[in-house]
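Examining the three-dimensional arrangement
Residues per chain, in single letters:
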Amino acid sequence: MSSKITVAKALPDLRQYVAQMRAQGGKIAFVPTMGALHDGHLSLMKLAKSKADHAVASIYVNPTQFAPGEDFDAYPRDTEVDLEKLDSVGVD
């Protein structure tokens, strides 16, 4: 995949990237997700991009959102497919 997306895998990296965008005067829209992106997510990304100079999304499968007995480990994760979808709608 040849992507224009910047991937931050740690919070300090994300903070640095966002600080750079802000220093350039850009308005930033953030869309948090748990991945497994679908058309609803992508419509939010497009809206974010239309309202700001930069659209930033998270892909974080949050274990605290799963009740006891729910299968956190079975939640779908396909980062490459998600990144391709984010790239297709212009997420930074």
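Cut-off values and rules
Every chain is numbered independently, its residues counted from 1 as its sequence is written. A pLDDT threshold of at least 70 governs which residues receive local features in this predicted model, and a stricter bar of 80 or more applies before side-chain atom pairs are shown or counted, although totals over entire chains, interfaces and linings include all residues. Calculation of side-chain values draws on the structure's entire complement of heavy atoms; hydrogens and water are dropped beforehand. The way it works is that DSSP assigns letters per residue, a run of H or I at least four long becomes a helix, a run of E at least two long becomes a strand, and they are numbered from the N terminus. A simple rule labels every residue: compare its accessible area, found with a 1.4 Å probe on the protein chains alone, to the largest value its type can have, and call it buried under 20%, exposed over 50%, or partly exposed in between. Throughout, a residue-residue contact means that at least one pair of heavy atoms, one from each residue, lies within 4.5 Å. For the area figures, the Shrake-Rupley method with a 1.4 Å probe applies, and any residue is considered shielded solely by the protein chains shown. Here Asp and Glu are counted as negative and Lys and Arg as positive; His is not counted, and neither are the chain ends. Lys charges are placed at NZ, Arg charges at CZ, Asp charges at CG and Glu charges at CD. With the strands pointing away from the viewer, any crossover whose connection runs clockwise from the first strand over the helix to the second is right-handed. Each C-beta atom gives one direction from the helix axis, and the arc is the one those directions make. Residues grouped as a nonpolar core are buried Ala, Val, Leu, Ile, Met, Phe, Trp, Tyr and Cys residues, joined through side-chain atoms within 4.5 Å. Any residue with an atom within 4 Å of a point lines the site, the site being either a cavity, points on a 1 Å grid over the protein atoms alone where a 1.4 Å probe fits but cannot get out, or a pocket, an open set with protein on both sides within 12 Å along at least 5 of 7 lines. Grid points are joined across faces, edges and corners, and a volume is the space filled by probe spheres set on the points.

On a plain count of helices and strands, the protein chain comes out with three helices and two strands. In the protein chain, the succession of helices and strands from N to C terminus is α-β-α-β-α. Along the three orthogonal principal directions, the C-alpha set of the protein chain runs to about 45 × 25 × 25 Å. A buried classification covers 32% of the 92 residues belonging to the protein chain. For the protein chain, the share of sequence-separated contacts (at least 6 apart) that also reach a separation of at least 24 residues comes to 75%. Accessible area for the protein chain stands at about 6,200 Å²; split by element, carbon and sulfur atoms hold 53% of it. Taking the 10 positively charged and 12 negatively charged side chains of the protein chain as two groups, their mean positions are separated by 10 Å.

So, about the pairing of strand 1 (residues 28-33). Every second residue of strand 1 is oriented toward a common face, the buried set being Ala29, Val31 and Thr33 and the non-buried set Ile28, Phe30 and Pro32. In this view, the connection linking strand 1 to its parallel neighbour strand 2 (residues 54-59) by way of helix 2 (residues 39-51) has right-handed handedness.

Those residues of helix 3 (residues 79-88) that sit buried are Asp82, Leu83, Leu86 and Asp87. Considered in projection along helix 3, the buried side chains sweep an arc of 135° and stay on one side of the axis. Of the surrounding secondary structure, the elements contacted by the buried residues of helix 3 are helix 2 and strand 2. Of the residues one or two after helix 3, Gly90 is the one with positive phi, at around 85°.

Core analysis: the biggest nonpolar cluster contains 13 residues, and Met45, Ala48, Leu86, Val89 and Val91 have the highest contact counts within it. Listed by contribution, the elements that provide at least two residues to this core are strand 1, helix 2 and helix 3. A per-element tally of this core places helix 2 first, with three residues. Among all residues touching Val91, those that are not within four sequence positions of it are Ile5, Met45, Ala55, Val56, Ala57 and Leu86.

Our next topic: the layout of surface pockets. Considered as a void within the structure, the largest pocket measures approximately 640 Å³ in volume. Surrounding the largest pocket, 29 residues form its lining, Val7, Ala8, Ala57, Ser58 and Ile59 being those nearest its centre. Of all the secondary structure elements, the ones that give two or more residues to the lining of the largest pocket are helix 1 (11-23), strand 2 and helix 3. For the lining of the largest pocket, the element with the most residues is strand 2, which contributes five residues.

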